[in-house]
Amino acid sequence: MRAPQPCAECGAGGAARYRCPRCGTAYCSVPCCRTHRERCAPEPRRERERAAAGQGIPPAPSPWALEDILSEEDEQDRVPLQKLKLLGESEELRELLLNPHLRQLLLTIDQAQDKSSLMRKFMQEPLFVEFADCCLSIVEPPGKENVLPE
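Under an unreviewed UniProt entry, the name given to the chain is ZNHI3 protein, and the organism recorded is Polioptila caerulea.

As C-alpha cells, this is what we get:
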C-alpha cells in the first residue's frame, strides 16, 4: 500500500486516492475529477504504448473508470459490474429513489469532502438505512448461512 499523494487539482495534501485512467494524474474527489477531465491530455508515452499494443486510438472516456472509484487498498471491496447493473433493474430501488429527501441526502454525500463521516451520520436516518439495505440486498443477496433454521 502506498500513501495517497497530494491532489493535482486542488492541492489537498495526502488526499489523492484516485487516478486518471488516461494520464495517471492523482486527484481527490469527483469535482476534481471533473475539472481534470476537462483539461486532460494523455501523456504521449501512454499513447505510444497503446498504439504499440494494437489498441490504436483509445475509446471515448466513460463518466467513470475503475481507477476513478477504487484505489489499490479498496480493490477487495469491488462489486462486479454485472451485480452493479442489477441495481439499475431494481423496481424497489427505483421507488426509493423517487423520494426527494433521499435524493437530497445522496446529493449531499456526493458533494461532500468528508464522505465517510457524512455516511456514518446518514446511517442514523431510517430512509437512508432502507436505501443502503436495499442496495446491499441486491449486490450481496443473503447467503444460506445467514438464514435461520425453521
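What follows continues from the structure just given.
> How should I be thinking about the overall build of the chain in this particular structure?
Each helix and strand in the chain was counted, giving 8 helices and 2 strands. Going from the N terminus to the C terminus, the chain shows its helices and strands as β-β-α-α-α-α-α-α-α-α. For the chain, long-range pairs separated by at least 24 residues make up 40% of all intrachain contacts whose partners lie at least 6 apart in sequence. Accessible surface computed for the chain: about 10,900 Å², of which carbon and sulfur atoms make up 56%.

> Help me out: how do you make sense of the UniProt feature "domain: HIT-type" (unreviewed entry) in the chain in this one?
Mapped onto this numbering, the UniProt entry annotates "domain: HIT-type" (unreviewed entry) at residues 7-40. When the span residues 7-40 is considered, its composition is 29% helix and 12% strand, and the gap between its end C-alpha atoms is 14 Å.

> Before we go on, may I ask you to explain the side chain of His36 in this structure?
The topology assignment puts His36 in helix α1 (residues 30-39). Assessed through its relative accessible area of 8%, His36 is described here as buried. Here Glu9 takes part through its side chain, which lies 3.2 Å from a polar atom of the side chain of His36. Apart from residues no more than four positions distant in its own chain, His36 is found in contact with Glu9, Cys20, Cys23 and Thr25.

The rules we used
Residues numbered from 1 in each chain as written. Predicted model: local features only at pLDDT ≥ 70, side-chain atom pairs only at ≥ 80, totals over all residues. Heavy atoms only, no water. Helix = DSSP H or I, 4+ residues; strand = E, 2+ residues; numbered from the N terminus. Contact = heavy atoms within 4.5 Å. Areas by Shrake-Rupley, 256 points an atom, 1.4 Å probe, with all protein chains shown as cover. UniProt positions renumbered as here; feature names shortened; annotations may be inferred. Buried < 20%, exposed > 50% of the residue type's maximum accessible area, 1.4 Å probe, protein only. Polar contact = N/O pair within 3.5 Å; in protein donor to acceptor, adjacent residues only side chain to side chain.

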